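Here are the chains, one letter per residue:
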Amino acid sequence: QVHLVESGGGLVQAGGSLRLSCAASGRTFSDYGMGWFRQAPGKERQIVSSITRAGGTTYYSDSVKGRFTISRDNAKNTVYLQMNSLNPEDTAVYFCAATTMIFSTRTYEYNYWGQGTQVTVSS
């Protein structure tokens with residue numbers, strides 16, 4: 001079992017930045033590929049970014065590429081999402097998730113989920 005807790009969400013103006021953190025506990029963190037997802041009201045949960053177990057490979061959805069950066073610190077059991085140049089379309093609940101696979105961009109391949117953190121971007 002892996003327990004995930006997100007933090008760092010909040011209200012920010014368009015053009016601003018936020019850094020999300022996801023702290024993991026329970027199992028060896030480096031055994032899991034990690035991902036960030038988001039879900040806006042009335043929409044399906046979608047992948048934002050993912051990172052391999054060792055952090056050597058990353059993925060970004062087209063909508064955030066060039067603005068968001070995912071990273072992980074296996075010594076601190078934490079994965080981060082640095083979000084820059086935020087716009088109102090980024091408003092959503094952001095979830096981190098862990099997969100037993102080395103890497104995945106598919107929601108259904110993630111085994112453990114955090115409770116989510118709200119990000120609201122005002123125009």
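As a reminder, the structure under discussion sits directly above these lines.
The shown structure was predicted, so the numbers you read here are calculated from the model rather than taken from an experiment. (Residues numbered from 1 in each chain as written. Predicted model: local features only at pLDDT ≥ 70, side-chain atom pairs only at ≥ 80, totals over all residues. Heavy atoms only, no water.)

### Topic: the nonpolar core
In globular proteins that are soluble, nonpolar side chains generally tend to be buried together. Of all hydrophobic cores here, the largest spans 28 residues; its most connected members are L4, M34, W36, L81, M83 and Y94. Among the elements of the structure, β3 (18–25), β4 (33–39), β5 (46–51), β7 (68–73), β8 (78–83), β9 (92–99) and β11 (117–122) are those that each provide at least two residues to this core. (Core = buried A, V, L, I, M, F, W, Y, C linked by side-chain atoms within 4.5 Å. Buried < 20%, exposed > 50% of the residue type's maximum accessible area, 1.4 Å probe, protein only. Helix = DSSP H or I, 4+ residues; strand = E, 2+ residues; numbered from the N terminus.)

### Things to note about the side chain of T117
Its place among the elements puts T117 in strand β11. Within the structure, the side chain of T117 is placed 3.3 Å from the backbone nitrogen of G9, a separation counted as a polar contact. Non-local contacts of T117, meaning those with residues more than four positions away in its chain, are made with E6, S7, G8, G9, L20, A92, V93 and Y94. (Polar contact = N/O pair within 3.5 Å; in protein donor to acceptor, adjacent residues only side chain to side chain. Contact = heavy atoms within 4.5 Å.)

### Overview of the side chain of S50
Note on placement: S50 falls in strand β5. Leave out the neighbours within four places in its chain, and S50 touches M34, G35, T57, T58, Y59, I70, F103, S104, T105 and Y110.

### Points about unusual backbone geometry
Phi at N77 is positive, roughly 55 degrees, even though this residue is not glycine. Phi angles above zero are rare outside glycine, and S85 is one such case at about 50 degrees. In this structure, S85 sits in the loop between β8 and β9.

### Looking at the sheet that holds β3
What holds strands together in a sheet is hydrogen bonding between their backbones, with the strands either parallel or antiparallel. The antiparallel open sheet is built from four strands, whose spatial order is β1-β3-β8-β7. Pairing within the sheet leaves two strands with one partner each, and these edge strands are β1 (3–7) and β7. Each adjacent strand pair in this sheet contributes to an overall mean axis angle of 15 degrees, direction not counted. Strand direction decides the pairing type here: β3 and β8, joined by six bridges, are antiparallel. When the bridges of β8 are listed, S21 appears paired with Y80. (Pairing = 2+ DSSP bridges. Axes fitted to C-alpha atoms, helices over the stretch in contact; angles between N-to-C directions.)

### Section: the packing of aromatic side chains
Within this structure, the stated rule accounts for five aromatic pairs. Between F37 and Y110 the ring centres are 4.9 Å apart and the planes differ by 80 degrees, which places this aromatic pair in the edge-to-face class. Taken together, the positions of F37 in strand β4 and Y110 in the loop between β9 and β10 (112–113) put the pair 73 residues apart, joining distant regions of the chain. Owing to a relative accessible area of 0%, F37 belongs among the buried residues under this scheme. A ring pair is formed by F37 and W113, whose centres lie 4.8 Å apart and whose planes are at 55 degrees; its orientation type is tilted. In this pair, F37 sits in strand β4 while W113 sits in strand β10, placing the two residues 76 residues apart along the sequence. Overall, the relative accessible area of 27% leaves W113 in the partly exposed class. (Phe/Tyr/Trp six-rings, centres within 6.5 Å; stacked < 30°, edge-to-face > 60°.)

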